[in-house]
Amino acid sequence: MHKLIHDLAQFVSDEACLRMEDGKSLPWGDLRCVRHSSLVCAKWIKSLMSFFLNLRYIRVLNLSFSNISELPNSIGTLKHLRHLDVSETHVEKLPESVTDLNGIEILMLNNCFKLLQLPKKMKNLTNLRHLELDIKRQISSMPKEFGKLTNLQTLSAFIVGKEKGQCIEELKDMRFLHGSICIVNLENVTNMREAVAAKLEQKPCLEGLELQWNEFKDGLEEQQILAGLQPHNRIKWLTITGYGGFMFPSWLGNPTFCRIERILLQNCRYCKVFPSLGQLPMLKHLYVEEMHDLTRVDDESQGPNSFPSLQSLTFHNLQNLQQWKDLKAGDMPNLTHLTVIDCPSLNFLPSLHYLTRLESLEISQCPKLQCLPAEGLPDSLECLIIIDCSVLKERCRVHEGEDWNKIQSIPKVEIDYEDIFW
């Protein structure tokens, strides 16, 4: 903020806002008018505990980037508090009295790396709209009956537990969730009924969803559970990690998911059938990694004119993929980036010359790949990278290799980290 604007704001809100800075004395006057307080110094930390008692009507308290390591129990007396920010501090836990702040709407705990649990009675904060915290990386379990926070709009993750009050069903009434959410420990969901009870299909404001398993269980059960976790069709990006089913549910490729732009399928190692995603009208980015039981990708099964909006496609660490075939004219008309990495069993590539907008092609760690497609590569290709593919490297030798004529017109060619000039 420009200094003039900052000074004007301070003048206008002189009585309502309190900003404590180094080099200034601690204010001990009539603080009944203070509604917004921020701490931008370190020297007042010890005085902070008793200071809370004088801010009965405060609505916004910003303690972010301060050196505090704890909050006093007296914070529970600030009944008018609506916004509490302790981001980037050393706070290790929140006092249970925080759950007495029935009117609080925003609780910001970003980058509080020592904070490992939330108060047990979080369910009391029924007016909470935004909980900003890296739950997935910091919290080991959700407080019981977290589902009573039905006004929540911002929730980065939900950790599924086994005990009553911590199951996935706690999500059922959180219909106002916005942005994205990661649902972790899905191995604790025991059947399709529990999955359906989360009512993900009734959360139309969610844009991003990550579904994460950390243990492989019965493949058929996991197929049913994923079928029951169908989100609302307005979702824009989807990540599925650690799924142990043999195939994906039909909803994943349903064209009614007309807004989905990005799909990441990671460590779905027992899946034997490539999902039918070709008719998703807005899918732009597809990343498939560690699907080890997959042996073939057949574009014929993706329907006519498949992947109409796809711009980038990555196959990474597909250990048993042997065939990728049946790419046809009209498929992937907007694909610009294609990456194939660590597919040691892949023998042949499909007819890539149909990809008339392809600009970048990277082929890495595919030692069994016999040659570039017989029809050649598209004229649009600007960059070709080949790494650790011994057969291809030999075939692409300048002027001598059998595939040299297929690559000689590409502006940039790199083989085993060396630029090829001719």
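Residues numbered from 1 in each chain as written. Predicted model: local features only at pLDDT ≥ 70, side-chain atom pairs only at ≥ 80, totals over all residues. Heavy atoms only, no water.

### Remarks on the overall build of the protein chain
Helix and strand counts for the protein chain come out as 7 helices and 21 strands. Burial statistics for the protein chain: of 422 residues in total, 49% are counted as buried. (Helix = DSSP H or I, 4+ residues; strand = E, 2+ residues; numbered from the N terminus. Buried < 20%, exposed > 50% of the residue type's maximum accessible area, 1.4 Å probe, protein only.)

### Some points on the side chain of Ser-351
On the secondary structure map, Ser-351 appears in the loop between strand S17 (337–341) and strand S18 (360–364). Relative accessible area serves as the criterion here: at 17%, Ser-351 is assigned to the buried category.

### Quick word on the packing of aromatic side chains
Two descriptors summarise a pair of aromatic rings, namely the distance from one centre to the other and the angle between the planes of the rings. For the structure on display, the rule yields 6 aromatic pairs. Taking the centre distance of 5.1 Å and the plane angle of 80° together, the rings of Phe-216 and Tyr-270 count as edge-to-face. Here Phe-216 is found in the loop between strand S10 (206–212) and helix H5 (219–228), whereas its partner Tyr-270 is found in the loop between strand S12 (262–266) and strand S13 (285–289), with 54 residues between them in sequence. Summarising the aromatic geometry, the rings of Trp-251 and Phe-257 are spaced 5.8 Å apart at their centres and angled 35° between planes, so their arrangement reads as tilted. Residue class for Trp-251 comes out buried when judged on its relative accessible area of 5%. (Phe/Tyr/Trp six-rings, centres within 6.5 Å; stacked < 30°, edge-to-face > 60°.)

### Some words on empty space enclosed by the protein
This model, assessed by the stated rule, comprises 1 cavity of 30 Å³ or more. Volume-wise, the largest cavity comes out at about 40 Å³. Along its surface, the largest cavity is lined by Phe-274, Leu-286, Val-297, Asp-299, Gln-302, Phe-307, Leu-310, Leu-313, Phe-315, Trp-324 and Met-332. Residues belonging to the lining of the largest cavity are distributed by class as follows: 9 nonpolar, 1 polar and 1 charged. (1 Å grid on protein atoms, 1.4 Å probe; cavity = no way out; pocket = protein on both sides within 12 Å on 5 of 7 lines; lining within 4 Å. Points joined across faces, edges and corners; volume = space filled by probe spheres on them. Nonpolar A, V, L, I, M, F, W, Y, C, P; charged D, E, K, R; others polar.)

### Observations regarding the pattern of salt bridges
A side chain of one charge can pair with a side chain of the opposite charge when the charged atoms of the two come close. As enumerated under the stated definition, the model contains 19 salt bridges in all. Asp-416 is the salt-bridge partner of Lys-393, the closest N and O atoms lying 3.1 Å from each other. Taken together, the residues span a long stretch of sequence, with Lys-393 in helix H6 (residues 390–395) and Asp-416 in the loop between strand S20 (412–415) and strand S21 (418–419) at a distance of 23 residues. Salt bridges sharing partners connect three or more residues here, namely Arg-395, Glu-402, Asp-403 and Lys-406. (Salt bridge = Lys/Arg side-chain N within 4 Å of Asp/Glu carboxyl O.)

### A word on the pairing of strand S11 (residues 237–241)
For S11, the tally of buried residues reaches 4 of 5 residues, placing the bulk of the element in the interior. With 5 bridges joining them, S11 and S12 adopt parallel strand pairing. Opposite Ile-240, over in S12, you have Leu-265 as the bridge partner. (Pairing = 2+ DSSP bridges.)

### Things to note about the sheet that holds strand S9 (residues 179–184)
If you walk across this open sheet you meet the 12 strands as S8-S9-S10-S11-S12-S13-S15-S17-S18-S19-S20-S21, and the pairing is mixed. Whereas interior strands pair on both sides, the edge strands pair on one side only; in this sheet they are strand S8 (157–159) and S21. Bridge analysis of S12 against S13 gives 5 bridges, and the strand direction is parallel. By the bridge assignment for S13, Ile-263 is matched with Leu-286.

### Brief notes about a nonpolar patch on the surface
On the surface, Phe-216, Leu-220, Phe-246, Met-247, Tyr-270 and Val-273 cluster together into a nonpolar patch covering about 520 Å² of accessible area. Of note, Phe-246 is situated in the loop between S11 and S12. (Patch = residues over 30% accessible without salt bridge, like charges linked within 9 Å, V, L, I, M, F, W, Y side chains within 5 Å. Areas by Shrake-Rupley, 256 points an atom, 1.4 Å probe, with all protein chains shown as cover.)

### Remarks on the environment of Pro-231
Tracing the chain through its elements places Pro-231 in the loop between H5 and S11. Look at Pro-231 and you get buried, because its relative accessible area is 4%.

### Regarding the nonpolar core
In this structure, Leu-109, Leu-131, Phe-146, Ile-240, Phe-248 and Leu-338 are the most contacted members of the largest nonpolar core, which totals 115 residues. With 4 residues, the single largest contributor to this core is S9. Ignoring any residue separated from it by four or fewer positions in sequence, one finds Leu-338 in contact with Leu-313, Trp-324, Leu-352, Leu-355, Leu-358, Ser-360, Leu-361 and Glu-362. (Core = buried A, V, L, I, M, F, W, Y, C linked by side-chain atoms within 4.5 Å. Contact = heavy atoms within 4.5 Å.)

### Brief notes about unusual backbone geometry
One non-glycine residue with positive phi stands out, namely Asn-305, at about 50°. As for its placement among the helices and strands, Asn-305 is situated in the loop between strand S14 (296–298) and strand S15 (312–316). Classification of Asn-305 by relative accessible area gives partly exposed; the value is 49%.

### As for H5
Turning to H5, its buried residues number three or more, namely Gly-219, Glu-222, Gln-223, Ile-225, Leu-226 and Gly-228. Tucked inside the fold, the buried residues of H5 contact helix H4 (192–197), S10 and S11. Where H5 starts, the residue carrying a side-chain oxygen 3.1 Å from the main-chain nitrogen of Leu-220 turns out to be Asp-218. (Polar contact = N/O pair within 3.5 Å; in protein donor to acceptor, adjacent residues only side chain to side chain.)

### What about the pairing of S20?
Bridging between strand S19 (residues 383–387) and S20 involves 4 bridges; their strand directions are parallel. The partner of Cys-383 across the bridge, within S20, is Lys-412. As paired elements, S20 and S21 share 2 bridges and run antiparallel to each other. Within the sheet, the bridge partner assigned to Ile-415 lies in S21 and is Glu-418. Following S20, the chain reverses through 2 residues before pairing antiparallel with S21; Asp-416 in that reversal takes a positive phi of roughly 50°.

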